[in-house]
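# Structural description and commentary
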Amino acid sequence: MTKDWQAGRLNSDLDDAGFDTLAVRAGQHRSFEAEHGEAIFTTSSYVFRSAADAAATFAGDRDGNVYSRYTNPTVRTFEERLAALEGAEKCVATASGMSAILATVMSLCVMGDQVLVSRSIFGASVSLFDKYCARFGIQITYVPIDDLDAWQTACTEKTKLLFVESPSNPLAELADIRALSTIAHAANALLVVDNCFCTPVLQKPLALGADIVIHSATKYIDGQGRCLGGAVLGRAELMQEVVGFLRTAGPTMSPFNAWVFLKGLETLRLRMNAHCQSAQRLAEWLEQQAKVSRVYYSGLTSHPQHELAKQQQSGFGAVLSFEVEGGKDAAWRFIDATQMISITANLGDTKTTITHPGTTTHGRLPAAEREQAGIHDGLIRIAVGLEDFADIQADVQRGLNVL
Ligand SMILES: *Cc1c(COP(=O)(O)O)cnc(C)c1O
């Protein structure tokens, strides 16, 4: 192993390293300045030693940066580090989670292709598929997340992508990633998993057979509510297409945001474990409360897919939902009675957040569709943060007290 800045420390030095070491070290290529931490390259373009050097770099005959819409050293460090954690050949960073999804569809689909999408995905993802992708002749078909026969039946020769979010929001339903990858591959299609709720700490979709992983880095990867960003990960040959779209269309990650996310990755496992521990305790406690009729959390043995969650995840995440009697009025009273917890639809923050899905994240759905999707009026979602558990619990108790 060399510590020479000229040779740099290559990723191969870290081949046998554990998750935490990769989270702190992977992707760091030391520059001539021999900096200890990650530098932020806030530069839009790069200079060349000579005209010939510029020509060779533009032609791709020589490695080097040309323009930050194409590559940036800080963004590359983030990409290499997240790729190491997900076990992906390549990672492509994007300006947001939504642009990660957009780049995936735009680069891998053509007019006439079909995309199968699990129901109950992130609201903006539904709009992206229905309002924009559909406008360009991509057929969008929604399938219940846990009905494998329905996925199988929905596949046609036009099917290009199967797109799932697991666990789902807000009801924590799971997609059987291994089974869906088999169905996708039999149909010559690719399985795409939005791994935002689990992060590679809790779930590695590629190892389970998925072809592409999507992230909104805005959530747990930052973990502190500061920046927007996203990522697409998978085989180099697929990611080359995604890179092609991004460098042309432009929704790339800013170097400053990449630096924030790098720092986020360094503490990701510690944070996720703490999030999960408090969420598990809160879910178990809520399940015992008389005023709570049902709790949705895959860490509970009462969850219908608890066994699947144990197989494909190493933890159950920090987003849980529960129902209170009395519909919307009761749910709103509950939410308004909390004092510490932030009332916001955001999640993946150090701060615990609470929302009423029926009138926020799922407010645009017609009432009948919402009911059918299981988003009842008495449903409340909590994304458990990193405050002391006793304080989170006491605040939730304030909500229960007014029912
Ligand atoms: C937030 C979120 C997105 C979108 O990410 P942005 O960074 O807000 O664009 C996509 N998928 C899931 C599951 C999310 O929670």
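Structure shown above.
Residues numbered from 1 in each chain as written. Predicted model: local features only at pLDDT ≥ 70, side-chain atom pairs only at ≥ 80, totals over all residues. Heavy atoms only, no water.

## With respect to the overall build of the protein
When its secondary structure is counted, the protein shows 15 helices and twelve strands. Rg of the C-alpha trace for the protein: 22 Å, near the compact-globule value of 22 Å for 403 residues, within the 12% margin. Dimensions of the protein, computed from C-alpha atoms along their principal axes, come out at roughly 75 × 50 × 35 Å. Taken across its 403 residues, the protein has 52% of its residues classed as buried. Partitioning the intrachain contacts of the protein with sequence separation of at least 6 by distance along the chain shows that 71% fall at a separation of at least 24. With 35 positive and 45 negative side-chain charges, the protein shows a spacing of 4 Å between the two charge centroids. (Helix = DSSP H or I, 4+ residues; strand = E, 2+ residues; numbered from the N terminus. Rg over C-alpha atoms; globule rule 2.2 N^0.38 Å. Buried < 20%, exposed > 50% of the residue type's maximum accessible area, 1.4 Å probe, protein only. Contact = heavy atoms within 4.5 Å. Lys, Arg positive; Asp, Glu negative; His and termini not counted. Charge placed at Lys NZ, Arg CZ, Asp CG, Glu CD.)

## Considerations on the sheet that holds strand S6 (residues 212-216)
For sheets, the rule is that strands pair by backbone hydrogen bonds, running either parallel or antiparallel. Pairing within the open sheet is mixed, and its seven strands lie in the order S1-S7-S6-S5-S4-S2-S3. Edge positions in the open sheet fall to strand S1 (90-94) and strand S3 (139-143), since each of these has one partner strand only. In this sheet, adjacent strand axes meet at a mean angle of 20 degrees when their direction is disregarded. Looking at chain direction, S1 and strand S7 (residues 230-234) are connected through five bridges and run antiparallel. Within S7, the position partnered with Ala93 by the bridge is Ala231. Together, strand S2 (114-118), S3 and strand S4 (159-165) form the strand contacts of helix H5 (residues 123-133), whose direction differs from that of S3 by roughly 150 degrees. Sheet strands in contact with helix H9 (residues 236-249) are S1, strand S5 (190-194), S6 and S7, and its direction is about 20 degrees off that of S1. (Pairing = 2+ DSSP bridges. Axes fitted to C-alpha atoms, helices over the stretch in contact; angles between N-to-C directions.)

## A short note on the sheet that holds strand S8 (residues 292-296)
In spatial order, the strands read S8-S9-S12-S11-S10; together these five strands make up an open sheet with mixed pairing. In this open sheet, the two edge strands, each paired with only one partner strand, are S8 and strand S10 (342-343). As defined by bridge partners, strand S9 (residues 319-324) adjoins strand S12 (residues 379-383) across five bridges and the pair is classed as antiparallel. Among the inter-strand pairings, Phe322 is bridged to a residue of S12, identified as Ile380. Helix-sheet contacts for helix H13 (residues 327-337) involve S9, S10, strand S11 (353-355) and S12, and the interaxial angle to S9 is about 125 degrees.

## Observations regarding H5
Every buried residue of H5 is listed here: Ser125, Leu128, Phe129 and Cys133. Buried residues of H5 fall within an arc of 90 degrees about the axis and therefore sit on the same side. Among the structural elements, helix H4 (97-108), S2, S3 and S4 are those in contact with the buried residues of H5. (Arc of directions from axis to C-beta.)

## Brief notes about the packing of aromatic side chains
Scanning the model with the defined rule gives seven aromatic pairs in all. The aromatic ring of Phe122 is capped on one face by Lys219, whose charged end is 4.8 Å from the ring centroid. Here Arg247 stacks its cationic end above the ring of Tyr70, 3.8 Å away from the centre of that ring. (Phe/Tyr/Trp six-rings, centres within 6.5 Å; stacked < 30°, edge-to-face > 60°. Lys NZ or Arg CZ within 6 Å of the ring centre and 35° of its normal.)

## Looking at the site of the ligand
All residues adjacent to the ligand are Ser96, Gly97, Met98, Phe122, Glu165, Asp194, Cys196, Phe197, Ser216, Thr218, Lys219 and Gly229. One of the side-chain nitrogen or oxygen atoms of Asp194 is found 2.7 Å away from a nitrogen atom of the ligand. Between the ligand and the protein, one listed contact pairs an oxygen atom with a side-chain N or O atom of Thr218 at 2.6 Å. Protein burial of the ligand: of its 380 Å² of free accessible surface, 93% is covered by the chains. Split into classes, the residues belonging to the shell around the ligand amount to four nonpolar, five polar and three charged. (Near = heavy atom within 4 Å. Polar contact = N/O pair within 3.5 Å; in protein donor to acceptor, adjacent residues only side chain to side chain. Areas by Shrake-Rupley, 256 points an atom, 1.4 Å probe, with all protein chains shown as cover. Nonpolar A, V, L, I, M, F, W, Y, C, P; charged D, E, K, R; others polar.)

## What about the nonpolar core?
Phe78, Leu282, Leu286, Leu320, Phe322 and Val396 are the most contacted members of the largest nonpolar core, which totals 68 residues. For this core, the element with the highest residue contribution is helix H11 (residues 268-287), accounting for eight residues. When we break this core down by domain, the ones giving at least three residues each are domain 1 (3-266) and domain 2 (269-401). Among residues more than four places away in sequence, those in contact with Phe78 are Ala93, Ala217, Ile221, Gly230, Met253, Ala258, Phe261, Leu262 and Leu265. (Core = buried A, V, L, I, M, F, W, Y, C linked by side-chain atoms within 4.5 Å. Domains from an automatic or database assignment.)

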